[in-house]
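Below are the chains, spelled out letter by letter.
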Amino acid sequence: MRRSQQLATRFGELNEYLAVADKVTVALEQLNEQLFQQLLGIVEEKLSIALQEILDQPLKFKATADFKRGQATVEFSIDRDGNEEDINRGQGGVRRQCR
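Residues numbered from 1 in each chain as written. Predicted model: local features only at pLDDT ≥ 70, side-chain atom pairs only at ≥ 80, totals over all residues. Heavy atoms only, no water.

**Q** Give a description of unusual backbone geometry that names residues and reports values.
**A** Its identity as a non-glycine residue notwithstanding, Asp-56 has a phi of 55 degrees, on the positive side. Position of Asp-56 relative to the elements: it lies in the loop between α1 (2-55) and β1 (59-68). Phi is positive for Asp-81, which is not a glycine, with a value near 55 degrees. By the element assignment, Asp-81 lies in the loop between β2 (71-80) and β3 (83-85). (Helix = DSSP H or I, 4+ residues; strand = E, 2+ residues; numbered from the N terminus.)

**Q** A description of the environment of Ile-49 should follow, citing residues and the corresponding values.
**A** Secondary-structure assignment places Ile-49 in helix α1. Distance in space between the C-alpha atoms of Ile-49 and Phe-61 is 8.7 Å, their sequence separation being 12 residues.

**Q** Mind laying out the pairing of β2, listing which residues take part and the relevant values?
**A** Sheet topology places β1 next to β2; 10 bridges connect them, and they run antiparallel. The partner of Ala-63 across the bridge, within β2, is Phe-76. The hairpin formed by β1 and β2 contains two residues between the paired strands, and Arg-69 there has a positive phi angle of roughly 50 degrees. Bridging between β2 and β3 involves three bridges; their strand directions are antiparallel. Looking across to β3, one finds that Asp-79 is bridged to Glu-84. Here β2 folds back onto β3 in antiparallel fashion, the turn holding two residues, of which Asp-81 has a positive phi close to 55 degrees. (Pairing = 2+ DSSP bridges.)

**Q** How would you summarise the nonpolar core if you had to cite specific residues and measurements?
**A** Taken as a class, soluble globular proteins show a tendency for nonpolar side chains to be buried jointly. In this structure, Leu-40, Leu-59, Phe-61, Ala-63, Ala-65, Val-74 and Ile-78 together form the largest nonpolar core, which totals seven residues. Elements with a contribution of two residues or more to this core: β1 and β2. With four residues, β1 is the largest single contributor of residues to this core. The contact partners of Ile-78, leaving out residues within four places of it in the chain, are Leu-51, Leu-59, Lys-60, Phe-61, Asn-83, Glu-84, Glu-85 and Ile-87. (Core = buried A, V, L, I, M, F, W, Y, C linked by side-chain atoms within 4.5 Å. Buried < 20%, exposed > 50% of the residue type's maximum accessible area, 1.4 Å probe, protein only. Contact = heavy atoms within 4.5 Å.)

**Q** Please provide a residue-by-residue account of the packing of aromatic side chains, values included.
**A** In the structure shown here, the tally under the stated rule is two aromatic pairs. Taking the centre distance of 5.6 Å and the plane angle of 75 degrees together, the rings of Phe-36 and Phe-67 count as edge-to-face. Taken together, the positions of Phe-36 in helix α1 and Phe-67 in strand β1 put the pair 31 residues apart, joining distant regions of the chain. Classification of Phe-36 as partly exposed rests on a relative accessible area of 25%. Judged by relative accessible area, Phe-67 falls into the partly exposed class, the value being 25%. (Phe/Tyr/Trp six-rings, centres within 6.5 Å; stacked < 30°, edge-to-face > 60°.)

All we've got here are geometric facts, nothing functional implied.
Listed below in structure tokens is the structure:
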């Protein structure tokens, strides 16, 4: 009886842990996405400044993140006066994608 009660108590503790573990996993995934977005924001800002200084043009570097099936994908492009440009060609076209 005593062992049975100990096991029941232990199972209760484990169930409480598992209930919290799911919430922690979701919170960590959200934090990961937020930090990744912040990092991309810094990359966009710094590379935009570099492009503007080097090329003396009003360019903005864009990095657009997407999160699917636990993986992040990033699409890079250049914005020139509101027009998106292919990062390799320097003209309108398809975005470059990196995984």
